[in-house]
Amino acid sequence: MPTLLEALEEKYGFGGQRDKLDEALVSIFVPKLPPRLSVPELLILNDCNIDKAGEPEDLRRKCCTVKELDLAQNKLENWEEVFGILSHMPRVEFVNLSLNRLGGPIELSPPCKMDRLRSLVLNNTKLEWYGVETLLRLLPVLEELHLSLNEYTHVLIDTIVDDGYETETTTDESCCDDTTCQQCQQEEQTHSSRGQKRSASECSLYKKTEAHPGVKKLHLTGNHISQWSEICRVGRLFPNLEALVLADCPIKSLCPPEDNSDEEHSSSTSSPPTKTESHEHFKNLTLLNLSNAKIDSWDDIDRLARFPVLKNLRVQCWPLWDKCDSTEHERRQLLIARLPKINILNGGDVIGSVEREDAERSFIRYYLDKPESDRPDRYFELVAVHGKLDPLVNIDLRPERRVKITFTYGDTSEERSVDVYRTVVDLKSRLERIVGLPASKMRLFYVDQDLRDLQGLEEMKYPHKRLYSYNIRSGDEIIIDQKH
């Protein structure tokens, strides 16, 4: 398998091999471009089977200008190789390592800190959460983190409040011996009860770490997290989070967790558990994607309404919608009315003032016929704004199905009931038995009872025109005549 340096030479033609190739070419009147001395700022080498960095000096010389690096779907397995690559790219701000097998522990001696990296993509790398914590300590200016499809079921952090920021409670820096470190042993027992075991290397790296205030965007799509208490731990770890994507996570409810319900805390506190609010750790969150969750209660919609600055929300494909006896438009109106702070719902345009007012009025009328015990608090809030509205009148503008028409043929007149959805040619065929004329020899004239003197007769000459299009009413007349 090629190294990163070999993949660079193959793609961009560094070194003497390019010079020999140029000498063999026939001369043409085009200026010859010299071999690249450095790679472009955006370096894409995905699916190149790269497993190692290559010669450090050459890598440092050729990659010193790289700002964005895409190494997705390669064969990287060792984090030491990854940091070896990044250490030679001092200007790098974006790195994509998706679909590399990087699930092992991160062991660095000495640690490599990256002071410019702002966006890191680790989708489907199966990196354990301990590794995520280690990376956060090495990335002080990180703003965007992608951890989708990594099969997380829990967010394994322990946090305490320190100098205004919540921090992870881990082993002390001077305490790394598993046989003598009481705190290590206690945490080991806790995580062993969850079916997980921390390696010695993870224990040595797992030191007291402050919550990361820089991360603003986090993607956890397609993980196996089902409890909102785990998501609250994410909020404690990233207190300034602005965008959180949890699509395709089987979250069952947004029911707030109990403060002291975590196993890590239960052994060290005697205070009774108290419930926090679902939004308590998301004071800066403006975008939340919960599509394809397993939520089936309107109570969770009301909890979303209490997020202080949430503006953009996606809640598509919930089991709750399958239980609703309403159209998609009616469901959208119910959501808009319940979520007064949301400006964008399930993508699309910004919700305007007219749409919001229509939704709120529709929401009031929806609950008018419901028992008072079934009415949510939002109903009474909207009644205080719009008043108690009357039900909409159901006006049916469809034409009357059957009318009584007088048919006149010669000196004979007869009143009959007629279906106005029939066509003219169908009416003629039914009149054949009455007047004894074939339909092909028959002419029909419509007489409006109110406009008889002003309009006169109107010949019904279009065979496939329906009778209601003549505005036929009971009491009108149709005159039958024979073609000559």
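Under an unreviewed UniProt entry, the name given to the chain is Ubiquitin-like domain-containing protein, and the source organism is Aedes albopictus.

## Brief notes about the pairing of strand β18 (residues 477-482)
Relative to β18, strand β14 (residues 402-409) runs parallel, the two being bridged by four bridges. If you follow T406 over to β18, its bridge partner there is E477. Examined bridge by bridge, strand β16 (residues 442-447) and β18 share six bridges and lie antiparallel to one another. Each residue of the ladder has a partner; that of M442, found in β18, is Q482.

## Things to note about the state of the cysteines
This structure, assessed with the given rule, holds zero disulfides. As a non-bridged cysteine, C64 has C63 as the owner of its nearest cysteine sulfur, 8.0 Å distant.

## Describing the packing of aromatic side chains
When we look at a pair of aromatic rings, we describe it by the centre distance and by the angle of the planes. For the structure shown, the criterion picks out 13 aromatic pairs. On the numbers, 6.4 Å between centres and 70 degrees between planes, the contact of W228 with F307 is edge-to-face. Highlighted residues: W228 in helix α8 (residues 228-237) and F307 in the loop between α10 (298-304) and β12 (312-314), separated in sequence by 79 residues. Accessibility assignment for this pair places W228 and F307 in one class, buried. One residue, K370, lies across the ring of Y366, its end atom 4.9 Å from the ring centre. Against the face of Y470 rests K465, its NZ or CZ located 4.3 Å from the ring centre.

## Thoughts on the packing of helix α12 (residues 328-338) against helix α13 (residues 353-366)
Their axes nearest at 8 Å, the elements α12 and α13 cross at an angle of 100 degrees. Classified by the interaxial angle, the pair formed by α12 and α13 is roughly perpendicular. The residues of α13 that touch α12, namely those facing R332, Q333, L334, I336, A337 and R338, are E355, R356, D358, A359, E360, S362, F363 and Y366. Per-class residue counts for the contact of α12 with α13 are six nonpolar, two polar and six charged.

## Observations concerning the sheet that holds β14
Spatially, β15-β14-β18-β16-β17 is the arrangement adopted by the five strands of the open sheet, whose pairing is mixed. Strands at the two margins of the open sheet, each flanked by one partner only, are β15 (412-419) and β17 (458-459). Both β16 and β17 contribute to a ladder of two bridges, which runs antiparallel. From the neighbouring strand, F445 faces β17, where its bridge partner is E459. Sitting on the sheet, helix α15 (residues 424-435) touches β14, β15, β16 and β18, and the angle it makes with β16 is about 110 degrees.

How each quantity is defined
Residues numbered from 1 in each chain as written. Predicted model: local features only at pLDDT ≥ 70, side-chain atom pairs only at ≥ 80, totals over all residues. Heavy atoms only, no water. Pairing = 2+ DSSP bridges. Helix = DSSP H or I, 4+ residues; strand = E, 2+ residues; numbered from the N terminus. Disulfide = S-S within 2.5 Å. Phe/Tyr/Trp six-rings, centres within 6.5 Å; stacked < 30°, edge-to-face > 60°. Buried < 20%, exposed > 50% of the residue type's maximum accessible area, 1.4 Å probe, protein only. Lys NZ or Arg CZ within 6 Å of the ring centre and 35° of its normal. Axes fitted to C-alpha atoms, helices over the stretch in contact; angles between N-to-C directions. Parallel < 35°, antiparallel > 145°, perpendicular 65-115°, else oblique. Contact = heavy atoms within 4.5 Å. Nonpolar A, V, L, I, M, F, W, Y, C, P; charged D, E, K, R; others polar.

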